[in-house]
Every structure is written in structure tokens, then in C-alpha cells.
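# Descriptive structure summary
Below, each chain spelled out in residue letters.
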Amino acid sequence: MAIEVVSASMMTSDETTHMARCVGGDRWVVSWLPGRTLSGQQAVTAMTIATTVATHDVPTGVAWAMLDDLALELGLTGREAVFMVAQENHDYRKTAKPRRRTME
């Protein structure tokens, strides 16, 4: 599980498509938590949760306990976090091709 910080403004992982972006100072937004701004430490925690979810098909008792502990830092339960990671699972790293307009 490797979370990489890219030029102090983005966090990515080789295990998940989720990412975190710095929006100034120590404020971060994470792809699976739209509308929330987190601290840098909370963003690392959120990326750790996303990576854990991506690498475990069905969490075991030990994994659930770890997810609960991590999610608590974000004000969530482990089950809420797992649901939100799955719900917001879009690949933001892919760039969409621009749509062309035809002039008539």
C-alpha cells in the first residue's frame, strides 16, 4: 500500500483511483468525501481507508476494527467509510476527451 504525495499538492495511491488535492494551507479535499475539507493528516487517513477498501474484497474482523479506528478520525464509522468509498469510485485520473461542436 503506497500513498504518494505529488509535489505537496496531491496524494495518489497505486492501489485505488481515489485521490486527495491540497486546496491551500493544510486543507485537503478527497475524492470520496465530496464537500468536506480535511487536514493533511485526515487526508492521509482517508487515502489509507480508500486503499484498504481497494485491496480487501471482504474485510475481516481485524480489517473492520482498523477501518473503524481510521474512520473515527473522519467522524465516520468503518461501514460508512466503506460505503462512501464504493459510492464515489470514479477514476478522476483519466482525462475526458473534449467534445467537439459542429457548426451548421
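Refer to the structure presented above.
The following refers to the structure shown.

About the criteria used
- Residues numbered from 1 in each chain as written.
- Predicted model: local features only at pLDDT ≥ 70, side-chain atom pairs only at ≥ 80, totals over all residues.
- Heavy atoms only, no water.
- Buried < 20%, exposed > 50% of the residue type's maximum accessible area, 1.4 Å probe, protein only.
- Helix = DSSP H or I, 4+ residues; strand = E, 2+ residues; numbered from the N terminus.
- Pairing = 2+ DSSP bridges.
- Expected span 1.5 Å × (residues − 1).
- Phe/Tyr/Trp six-rings, centres within 6.5 Å; stacked < 30°, edge-to-face > 60°.
- Lys NZ or Arg CZ within 6 Å of the ring centre and 35° of its normal.
- Axes fitted to C-alpha atoms, helices over the stretch in contact; angles between N-to-C directions.
- Parallel < 35°, antiparallel > 145°, perpendicular 65-115°, else oblique.
- Left-handed = near helix turned anticlockwise from the far one by under 90°.
- Contact = heavy atoms within 4.5 Å.

### So, the pairing of strand 4 (residues 27–30)
Remember that side chains alternate between the two faces of the sheet whenever the strand is regular. The two faces of strand 4 differ: Trp28 and Val30 on one face are buried, but Arg27 and Val29 on the other face are not. The sheet contact formed by strand 3 (residues 20–24) and strand 4 spans four bridges and is antiparallel. The residue bridging Gly24 from the neighbouring strand is Arg27, located in strand 4. Between strand 3 and strand 4, which pair antiparallel and follow one another directly, the connecting turn spans two residues, one of which, Gly25, has a positive phi of 60 degrees.

### Thoughts on helix 1 (residues 40–55)
With 16 residues, helix 1 should reach 22 Å at 1.5 Å per residue; the first-to-last C-alpha distance of 23 Å fits that figure. Within helix 1, burial applies to Gly40, Ala43, Thr45, Ala46, Met47, Thr48, Ile49, Ala50, Thr51 and Thr52.

### Quick look at the packing of aromatic side chains
One pass over the full model with this rule turns up zero aromatic pairs. Residue placement shows Arg79 over the ring face of Trp64; its charged tip is 4.2 Å from the ring centre.

### Overview of the packing of helix 1 against helix 2 (residues 61–72)
In a packed pair of helices, the relevant descriptors are the angle between the two axes and the axis-to-axis distance. Taken N-terminus to C-terminus, the directions of helix 1 and helix 2 make an angle of 155 degrees; their axes are 9 Å apart at the nearest point. Put simply, helix 1 runs roughly antiparallel to helix 2. Read as a crossing pair, helix 1 and helix 2 show a hand that is left-handed. Residues Thr45, Thr48, Ile49 and Thr52 of helix 1 pack against Met66, Leu67, Leu70 and Ala71 of helix 2.

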